[in-house]
Amino acid sequence: MEAAAVTAAQLRERGNAQFQAGDHAAALAAYTEALSLCDAGPERAVLHRNRAACYLKLEDYTKAEADASKAIEANGRDVKALFRRSQALQKLGRLDQAVSDLQRCLSLEPNNKAFQEALRALGSSMHEKMKTMSCTDSKVEQMFQILLDLEENDADKKQKAAQNLIVLAREEPGAEKIFQSDGVRLLTQLLDTAKADLMLAALRTLVGLCAGHRSRTTAILAELGAPRLSAVLGVEHEQVSLAACNLLHVMFDSLKEGLQKDFRGKEDAVVLDSSKDLKLLIKHLLELLALEGASAHGRDNALNLLIKVVPRKSPKETNNSMSLWVIDQGLKKILEVGSTVCGSPGSLPMTENSRMSASVLLSKLYDDLKCDAERENFHHLCKDYVRSWFEGQELVGKLRAIQTVSCLLQGPSDAGNRVLELEGIMDSVLSLCASVREDHQLVAVEALIHAADKAKRASFITANGVSLLKEIYKHSERDSIRIRALVGLCKLGSAGGTDFSMKQFAEGSTLKLAKQCRKWLCNEAMDVGTRRWAVEGLAYLTFDADVKEEFVEDKAALQAMFHLAKSEDRSVLYAVASTLVNCTNSYDHEEPDPQLLELAKYAKQHIPEQHPKDKPDFVKRRVRKLLTAGVVSALACMVKSENPALTNSCRELVSRVFLALVEEAEDRGGVVAQGGGKALIPLSLEGTEVGQTKAAQALAKITITSNPEMAFPGERIYEVVRPLVSLLHLQRTGLENFEGLMALTNLAGISERLRQKILKEKAVPMIEGYMFEEHELIRLAATECMCNMAMSREVQELFLAEDSDRLKLMVLYSGEEDEKLRRAASGTLAMLTALHPPICKRIPQVTVHWLEILQALLLSTSAELQHRGAVVVMNMVAAGREVAEQLMASEVLEILSVLAKDKEKPRVAQAAKESLAQAVTYGLIKPNPEQA
């Protein structure tokens, strides 16, 4: 206990010194560490008070108030803590509480002029606030009067009033004032006018009122009612529907998370349980899905909301009760969207994205299930729904059943395959493929295409459906049918993947199919939905290297595909990404073991073969042609999409393509210039683990060879740190580790704020770990990274920690044979000894070889190593007489005397002269008559 108390006291003293020096972040860290070691109440109170001072300087007023309150709990007469809390409360806008604390300070120290002046200034602030609030009251009333005046015809005046109301609601005091001024009732009146501009103003103002405030959100939901919000979401006006979607998303976030900022304690006392409100909103969203009167955009927005708010954000969250509730209450309503056959009597209004959104929602719900029993229930409900349409129904019912199967196959494919095995389904699909009606054929052929995804299903279709698809492709008079039949043939023809030796069709057939796909893709007279299927076909055909080569040469086809990727039909995204992955060969492929190859040949087993045109030189040329055609801007546009079609799998494909595009250093500047760097950041933070890693590696490559401040301007550079740190995790490959370290080295050399961000991401222990790595390049990269990180005070302190070999390792590395490693390690030592003199006194204690290593640096043939060695010695001599005496008693004195006369190396000579001059000052040596 005594040792811990001493350590806590030392940390507090260190924090005090750092605070006085203006290093408030370091002081905060010292006080926090001291708190973890301290049990005594009075000492903890002082540390909390000191932390409050740090938080005030760092402008984190919520934490400043919390720490000051803890100090006051321990000692209610602590005037410093009371004064600091009053400062924090004033910044948080809680002026009445700030006045109370200041009055308490003055009652304890009546003659304190600082307290008197602060109270006077706060009184003036409160007076100003009261004037502003009274002015705000009248403004709010005036704005509502203008907006609700049916006789007011001045459109500009109304627009200005609406904009002022929205801006006012974005700030907490304004939002509260609108809320307290009967604003919700008045906003409800604006919504009920059914005028688009007034409804937009009301919805956007309500967003400000609900954002981050759970109790207000609950009150607003009670006033407006879930049915009204759902009805507004389902209106025909696209912008109004989108604004309602945004409001509902904000309400969901507020209800789920509560207040994040200044009101947490107070709010939690007011609102105890939001689950009923959440379920009420979700219930109405589910009802809207199957509501015939709802608009197509409203239905899409409802699906998007459900995708965002229902499934768990991470598997680490254990509670999936919301997904289970939605499956039980609304799975059949979601399937209503998925089963809709557009154009049939009584069909729901749909956009080109609606069915894809339904598939994505079903997939996310299925993925959120945790056990076999939950999955079996999902399968059971799907089968019941399909049977309800298929068994004993007319042709229209059978079409709905088959459309449902397609929707499931595009989403939770396990559920789709289970339903596909129901008696009569596959036979109906094949028979309807030959229907004379276009809409029937479309449904059946699409189902056939989606069913071919699984190997066992593909073999069944190859035996039973290929001839049928060929027949449709050759003889159908409708391009919309022919293109789907072609995609089915493409899918079956690509069953061998990239294996050159396994082709389903005769030589040249895939090239003919690809040519037809490109022709349809470039035909702007065809609708976007039909042209999308041409990209689907190319996504399968581009497994063939001959097809890839022809495709990248067809500039018109590339431009047409990129144009589709930017269109409103987002269901094309996955096909575009798949095609680009194939063209850039950015899929996973492992080199086979030579011994296993010989065994396979001996056993007469099949051996995969690579196409000659899939070799690196061909791939490099294809990448260049894609870059020239504008692939980066298309990918950046795809990433911006908020649509559910940008699934995690799709994001992974885009990340793979980006990594291929930045493989060559000379291409990276162009990728950044066209928006690639910006697009990679969200890809590296969200999606599959593989996708995030690929995007992070692409960011690392850009950071290594470009100026990071230009590649990632402004605040964006700080967003790059986390993805780069993720490359240091042990499960990453050696190359990923190396590139992550190299990129972090560049960032760490830019600014202290970036070094603090790297520290916050807990990268330093991982960097240290790689300094022990056997691979020499990784070890070197880690040491260079630590060299730049050593400019941070917190890292310098780590080298003085007890029972740590950090400093010893750096000294020993300075004596290694690898010159690059010696340069990095000795550079770190030079920096550490210059910035943190106590390290100089520790060097002789960490290893008996320290003098030998320093002498070797001073005698090195490399001028750079000599200079670093001379700087280390100079810093050590300057640090204290005891260390200087050890150095001057060795051969270092003679070496310095020689180096001081070396005119060819002025920097080395200058450091040597300063070392000798300091030794003279200590009286360890006599001045040199020549120098004198």
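Residues numbered from 1 in each chain as written. Predicted model: local features only at pLDDT ≥ 70, side-chain atom pairs only at ≥ 80, totals over all residues. Heavy atoms only, no water.

(A) Fine view of helix 36 (residues 648–661). End to end, helix 36 covers 20 Å across 14 residues, agreeing with the expected 20 Å (1.5 Å per residue, within 8%). Within helix 36, 12 of the 14 residues are buried, which leaves it mostly tucked inside the rest of the structure. Along helix 36, the residues that are buried comprise C650, R651, E652, L653, V654, S655, R656, V657, F658, L659, A660 and L661. Against helix 32 (573–584), helix 34 (616–629), helix 35 (631–640), helix 37 (668–673), helix 38 (676–685) and helix 39 (689–705) lie the buried residues of helix 36. (Helix = DSSP H or I, 4+ residues; strand = E, 2+ residues; numbered from the N terminus. Expected span 1.5 Å × (residues − 1). Buried < 20%, exposed > 50% of the residue type's maximum accessible area, 1.4 Å probe, protein only. Contact = heavy atoms within 4.5 Å.)

(B) Representation of helix 39. For helix 39, spanning 17 residues, the distance from its first C-alpha to its last is 25 Å, which sits close to the expected 24 Å at 1.5 Å a residue. Most of helix 39 sits inside the fold, with 12 of its 17 residues counted as buried. All buried positions along helix 39 are accounted for by G691, T693, K694, A695, A696, Q697, A698, L699, A700, K701, I702 and T703. Tucked into the core, helix 39 has its buried residues touching helix 36, helix 37, helix 38, helix 40 (708–711), helix 42 (721–726) and helix 43 (734–748).

(C) How the structure looks around the pattern of salt bridges. The full count for this structure, using the stated rule, is 43 salt bridges. For R400, the salt bridge goes to E336, with nearest N and O atoms at 3.3 Å. Pair noted here: R400 is in helix 21 (residues 395–410) and E336 is in helix 18 (residues 321–339), with a separation of 64 residues, a long-range link. On the accessibility criterion, E336 (22% relative accessible area) is partly exposed. The residue K613 makes a salt bridge to D546 at a minimum N-O spacing of 3.0 Å. With K613 in the loop between helix 33 (594–602) and helix 34 and D546 in helix 30 (residues 545–553), this residue pair connects regions lying 67 residues apart in the sequence. Connected through salt bridges with shared partners, the residues E819, R823, E864 and R868 form a single ionic network. (Salt bridge = Lys/Arg side-chain N within 4 Å of Asp/Glu carboxyl O.)

(D) Region of interest: the confidence of the model for the chain. Put simply, the chain has an average pLDDT of 83, and 89% of its residues get 70 or more. In the model, residues 258–272 has pLDDT below 50 throughout and makes 22 contacts with residues more than four positions away in sequence or in other chains. This stretch, residues 496–504, has a pLDDT under 50; its non-local contacts, to residues over four places away or in other chains, come to 22 contacts. (pLDDT = per-residue confidence, 0-100.)

(E) Fine view of the environment of L573. Tracing the backbone through its elements, the reader meets L573 in helix 32. Linking L573 and R651, residues 78 residues apart in sequence, is a C-alpha distance of 9.5 Å. Among all residues touching L573, those that are not within four sequence positions of it are A565, M638, S641, A645, L646 and C650.

(F) Spotlight on the nonpolar core. Counting 265 residues, the largest nonpolar core has L521, F658, L661, M789 and L887 as its most contacted members. Leave out the neighbours within four places in its chain, and M789 touches A748, R755, I758, L759, V764, I767 and V795. A34, Y55, Y61 and L92 belong to the second-largest nonpolar core, a separate cluster that totals 16 residues. (Core = buried A, V, L, I, M, F, W, Y, C linked by side-chain atoms within 4.5 Å.)

(G) The arrangement of the packing of aromatic side chains in detail. Inspection of the entire model under this criterion finds three aromatic pairs. Pairing Y366 with F378 gives two aromatic rings, centres 5.1 Å apart and planes at 65 degrees, and the pair type is edge-to-face. Residue Y366 is located in helix 19 (residues 354–367), and its partner F378 is located in helix 20 (residues 372–390); the two are separated by 12 residues in the primary sequence. An identical accessibility class is assigned to Y366 and F378; each is buried. Ring plane angle 80 degrees and centroid distance 6.4 Å describe the contact between Y473 and W520, whose orientation is recorded as edge-to-face. Here W520 lies in helix 28 (residues 509–522) and Y473 lies in helix 26 (residues 466–475), a separation of 47 residues in the sequence. With relative accessibility at 15%, the residue Y473 sits in the buried group. The aromatic ring of F390 is capped on one face by K398, whose charged end is 5.0 Å from the ring centroid. Sitting over the face of the ring of Y718, R753 holds its NZ or CZ atom 3.9 Å from the ring centroid. (Phe/Tyr/Trp six-rings, centres within 6.5 Å; stacked < 30°, edge-to-face > 60°. Lys NZ or Arg CZ within 6 Å of the ring centre and 35° of its normal.)

(H) Inspection of the side chain of T530 at higher detail. For T530, the position within the fold is in helix 29 (residues 528–541). Beyond its immediate stretch of four places on either side in the chain, T530 contacts S480, I483 and R484.

(I) Spatial organisation of the side chain of Q441. Along the polypeptide, Q441 turns up in helix 24 (residues 438–451). Side-chain polar atoms of Q441 contact the backbone oxygen of C433, separated by 2.8 Å. The residues touching Q441, leaving out its near neighbours within four places in the chain, are L432, C433, A434, S435, I472, R478 and I481. (Polar contact = N/O pair within 3.5 Å; in protein donor to acceptor, adjacent residues only side chain to side chain.)

(J) Just the packing of helix 31 (residues 555–565) against helix 32, in detail. Contact pair helix 31 / helix 32: the axes reach a minimum separation of 9 Å and the direction vectors enclose 140 degrees. Between helix 31 and helix 32, the interaxial angle falls into the category oblique. When you trace helix 31 past helix 32, the crossing you get is left-handed. Together, M561, F562 and A565 of helix 31 and L573, V576, T579 and L580 of helix 32 make up the contact between the two elements. Split into classes, the residues belonging to the contact of helix 31 with helix 32 amount to six nonpolar, one polar and no charged. (Axes fitted to C-alpha atoms, helices over the stretch in contact; angles between N-to-C directions. Parallel < 35°, antiparallel > 145°, perpendicular 65-115°, else oblique. Left-handed = near helix turned anticlockwise from the far one by under 90°. Nonpolar A, V, L, I, M, F, W, Y, C, P; charged D, E, K, R; others polar.)

(K) Unusual backbone geometry, seen in detail. A positive phi is found at A194, a non-glycine position, where the angle reads about 65 degrees. Tracing the chain through its elements places A194 in the loop between helix 10 (183–192) and helix 11 (196–210). For A194, a relative accessible area of 61% translates into the label exposed. Despite not being glycine, K762 has its phi angle at roughly 60 degrees, a positive value. On the secondary structure map, K762 appears in the loop between helix 44 (752–760) and helix 45 (764–770). Judged by its relative accessible area of 63%, K762 falls in the exposed class.

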